[in-house]
Structure formats: structure tokens, C-alpha cells
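Analysis of the macromolecular model
Chain residues, written in single-letter form:
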Amino acid sequence: MGEQNIRKISSDQILAETISLKSAGYRLVAISCTNKDGLELSYSFDKDYDFINLRINMDYDTEIESITCIYHYAFLYENEIAELFGAKIKNIAVDFKDKLYRLSVKTPFNMKKEEE
Amino acid sequence: MGERTVIPFGPHHPVLPEPIHLDLVLEDEKVIEAIPQIGYVHRGLEKLVEKRDFKQYTYIAERICGICSFMHGMGYCMSVESIMGLEVPERGQFLRTIWAELSRIHSHLLWLGLTADAFGFESLFMHSWRLREKVLDLFEETTGGRVIFSVCDVGGVRKDIDAETLKKMVDVLTGMDKEIRELTQVFLNDATVKSRTVGVGVLSKEKAQELGAVGPMARASGINTDMRTQGYAAYKHLKFEPIVATQGDSYARMDVRINEIFQAIDLIRQCVELIPEGEVITKFKGNPDGEYFTRLEQPRGEVIYYVKGNGTSFLDRVRVRTPTFANLPALLETLKNCDLADVPILILTIDPCISCTER
């Protein structure tokens, strides 16, 4: 298994870490979400094939800042995560407010509902 | 200031085989801003990981897209193999590369046809798709399928290609090379095609970088990035350089894709020369336990497969970040200040795949 560069950070560090990567010339590649005793967010960045992932583990009720003030185009990823997983993301530059996808079930990927 | 109007574009439009909606804010005939709306056909394929075990999921991954189907299966399998520490036999790696590059040829020919159709050049559209048929015939002969192949599997590939068929494949591609050169001369030199593409929808290198563009969209703006250079599958044995252009306009995006067709033909020729004898798949036991991000270069650009296993046969998560998803912000940028008449061409020059976006 090849090396994977995954750095764990807390949810309140996301803006500072993202600014630091942006100023170092990294592009945002993706934001992914997984259910892992709450939500596990992975922010992936690349610069000349150097692939870095910032990992945040948080509970369903934690609110996290949007990074659209740094990478504007993150709005698509953040809207997707908010709608599918029910992550609480504050201040998304273009917030579709649960209207990006036409879903018959609210936050279908959220495991909390199944646990309840 | 002219009169401002908002007009809806899509979700169904003659140039789009799949639904996407754009609110175009116009000032007279100029587009000032475009606001996207996706989500008409979200298929929840990532969620299906809870209902299908990790071996069955290979077939679901392939169905994310009917054009990059092989590479979707391959990206998923590469992630699982990395988690499990599986070594794919060298012959399997070369066969994967051959099918991946055939996919690139057929994807780019399909795109050329759709683009010709968008500016009303019907004969060019039909000739592009006539040539594409020959690639589909090669797929059918080697895998049994024309769109979905079910030939990629965790550990390698499920079918071998004999030496005679490989030689025939090279002969077919050599014949196609000549025909594609004649066809693409029209795309590159015809005055009417140039009038619709040169200087239209310029995306600067800085903007492409800032907006996270990938694949031909990024390379046409001068960004030298191509995941194949990282040497996955058999690419580490092959000689090639990413195709890059600098103008950043619709013509440059077309030029890059055309040259990538010839590059793909050359890569297949190299594979047929270098392919070793041996097994094509590794047998294994057990289940994936761990996580892995795999990145590979599809015809539309970099795709990311993230797989997380927990030691059981059911995975915790599969996440796919497709190239169209990454290129949507760059599309919105190219639409700014364009003429309304150029909107269909510009949407096509990112080679959008909405079914990938709404996996």
C-alpha cells in the first residue's frame, strides 16, 4: 500500500490550514465525507502531484466554517456534503440550501438517523 | 448598460444528452454570469456500497459512466488492491492500460462528434462517430461488451487478449490513425470551425489553476498535469509527455483532445510491443481493511477514488470525485462575457458528463 499523506486537524483549524496550503500554491482537489462515529471530512489538495489530505473528525452537531472564502469553487463540494450527510457548514458562498440535488429523502447518507 | 435578462438553459437542451440547468444572466447578447443547477438524476451509486459487497461493487463502479466505464472500474479496483496490498500481474497491468487508452480514443472521438453537431457540421459529426464505431468493435471483440465491459476485477483483469488479436488491434488503429488525421484537419483548419472556437471561452492559466481545472481543460490552458505520468498500471514502462497548449480557448481544448487521440494510439502500440506473457489476475482471500485515495487520468481529466474498508466484505465508503465535477467552476468562468450563441459550444468544450457528476 502506497503512502497516503493524511493530516488530522480539528474542525476549528480548517481555515488556517487551508490558507496555508493555498498560499503554498496547492489547489483544492476534493472534499469527501464519511460516517465514522460522527462525520469524517477529508479535504484533499494537490501541488505538482504532492497530494495532501486534511482529516477532520467531528460529531453531527458541530458546525464547521466553509472554505469558500479561500477556494470559492468549494461551494459544490460543501453543498453536496451538507445535503447528503447533513454536515453543518457555515457561510458557504453559494448556498443551495438543500436544493442542489432533488432528493426524496433528507440527508440520505447520514447514519445518525439509522442509529436513532 | 444594455437590458438585463435571465434566461434558463436546460435542463434539457439539444447539445446536452444529460440534464443540467444554467441560469444565464444576460446583458443584451453577452452572458454576465451563469448559475448552475445539477441534481436532476442523482443516482446514489456511492450509497449502494451498503447493499453490495466490495467485489460486486466493481460492476457498480463501472456503471458510473458509459464512456469512462473501464477506467471507473479500474480506479475502484486500484484503491481496493492498494488497501489489500495486492500486486496485479504485469500482463494484467498492460491490458488495463490498453483498454484505458482505447476508452480515451473513443471518448475523444465521441466528443469531437458532439462538438461538430453543436456548431451544425453534421457530416463531421457522423464521420467522427463512424471512426468511433471501430473502437467499439475492438472492445466487443476483446471484452464482449461495447459500453460496459465487466473485464476489470480486483487483482487484475478477467480476460486475456491473444497475440493475434493484439496485432489486429494495432493494424486497425494504424488504419484509423490515417483517417483520424484527415478528419481532424477539418477540425483544426476549417474556417467555419475556427470562427466558432478560436478566442472563444478563454480560460487563463492562472484562472485554471485557481479554479481547480483538470484534464484537457487544464492542459489547454498551459497547466502541465497528467496523472498518467505518476506511473500507475503500465504507464511507468511507456514513453509519453502530457499534451499541453497555451491559448486556453475552445480551439486549444479541441487541439489537446485531438493530439491525445494520436498519443493514445501510440501508447497502445508501445503496450503491444512490451506486453509480457503471464497471468492476468492475482487470486486473493480476505477483505479490505483500511483506506486509500487513488488518482488516475480519465479522458475528461483526473478522477479520484476514495475507498474505506473495515475488514468485512462490505465497505464503509466509496467516494468518487469525477473530472466534470472539478471542471464545473472553470466552465462558469469561461461563460462570463461570452456571446449567448457560444454557450452550447463552451459547455461542450469541458466535455461534460453529468451522469458522472451525479453518481
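So, how was this worked out
Residues numbered from 1 in each chain as written. Chains lettered and ligands numbered in written order. Predicted model: local features only at pLDDT ≥ 70, side-chain atom pairs only at ≥ 80, totals over all residues. Heavy atoms only, no water. UniProt positions renumbered as here; feature names shortened; annotations may be inferred. Buried < 20%, exposed > 50% of the residue type's maximum accessible area, 1.4 Å probe, protein only. Helix = DSSP H or I, 4+ residues; strand = E, 2+ residues; numbered from the N terminus. Pairing = 2+ DSSP bridges. Contact = heavy atoms within 4.5 Å. Polar contact = N/O pair within 3.5 Å; in protein donor to acceptor, adjacent residues only side chain to side chain.

Under an unreviewed UniProt entry, chain B has the name NADH-quinone oxidoreductase subunit D and belongs to Aminipila terrae. Of the comments in the UniProt record for chain B, the one headed Sequence similarities (unreviewed entry) reads "Belongs to the complex I 49 kDa subunit family."

As named in an unreviewed UniProt entry, chain A is Ech hydrogenase subunit D, taken from Aminipila terrae.

Digging into the pairing of strand E6 (residues 289–298) of chain B
A regular strand carries its side chains on alternate faces of the sheet. All names here are of chain B. Burial runs high along E6: eight of the 10 residues are buried. Across 10 bridges, E6 lies against strand E7 (residues 301–310) in antiparallel orientation. Directly across from threonine 294, in E7, lies its bridge partner tyrosine 305. Counting the residues in the hairpin turn of E6 and E7 gives two residues.

Quick word on the environment of arginine 317 of chain B
When you line up the elements, arginine 317 of chain B lands in strand E8 (residues 317–321). Residues arginine 317 of chain B and aspartate 190 of chain B, spaced 127 residues apart in sequence, show a C-alpha to C-alpha distance of 48 Å. With residues up to four places along the chain from it excluded, the contact list for arginine 317 of chain B reads Cys33, Thr34, Phe85 and Phe109 of chain A together with Glu46, Val49, Tyr306, Val307 and Lys308 of chain B. There is a polar contact of 2.4 Å between the side chain of arginine 317 of chain B and the backbone oxygen of cysteine 33 of chain A.

Describing the UniProt feature "domain: NADH:ubiquinone oxidoreductase 30kDa subunit" (unreviewed entry) in chain A
Mapped onto the present numbering, the UniProt feature "domain: NADH:ubiquinone oxidoreductase 30kDa subunit" (unreviewed entry) falls on residues 11–91 of chain A. The distance separating the terminal C-alpha atoms of residues 11–91 of chain A is 15 Å; by composition the span is 26% helix and 41% strand.

Description of the side chain of glutamate 302 of chain B
Along the chain, glutamate 302 of chain B turns up in strand E7. The exposure class of glutamate 302 of chain B is buried, given its relative accessible area of 1%. A polar contact of 3.4 Å, which involves the side chain of glutamate 302 of chain B, links it to the side chain of arginine 27 of chain A. One polar contact links glutamate 302 of chain B to arginine 295 of chain B, side chain to side chain, over a distance of 2.9 Å. In this structure, glutamate 302 of chain B is in contact with Arg27 and Val29 of chain A together with Val214, Gly215, Met227, Arg295, Leu296, Glu297, Arg321, Thr322 and Pro323 of chain B, ignoring residues within four places of it in sequence.

Description of the UniProt feature "binding site: Fe cation" (unreviewed entry) in chain B
Residue and element names in this part refer to chain B. UniProt tags Cys68 and Cys356 as "binding site: Fe cation" (unreviewed entry). On the basis of their most widely separated C-alpha atoms, the annotated residues across 289 residues gather in one place, lying no more than 9.1 Å apart. Looking at where cysteine 68 falls in the secondary structure, it is placed in the loop between helix H1 (57–62) and helix H2 (69–84). The class for cysteine 68 is buried, based on a relative accessible area of 0%. For cysteine 68, the residues in contact, after removing those within four places along its chain, are Gln298, Pro299 and Arg300. Inspection of the secondary structure assignment puts cysteine 356 in helix H12 (residues 354–357).

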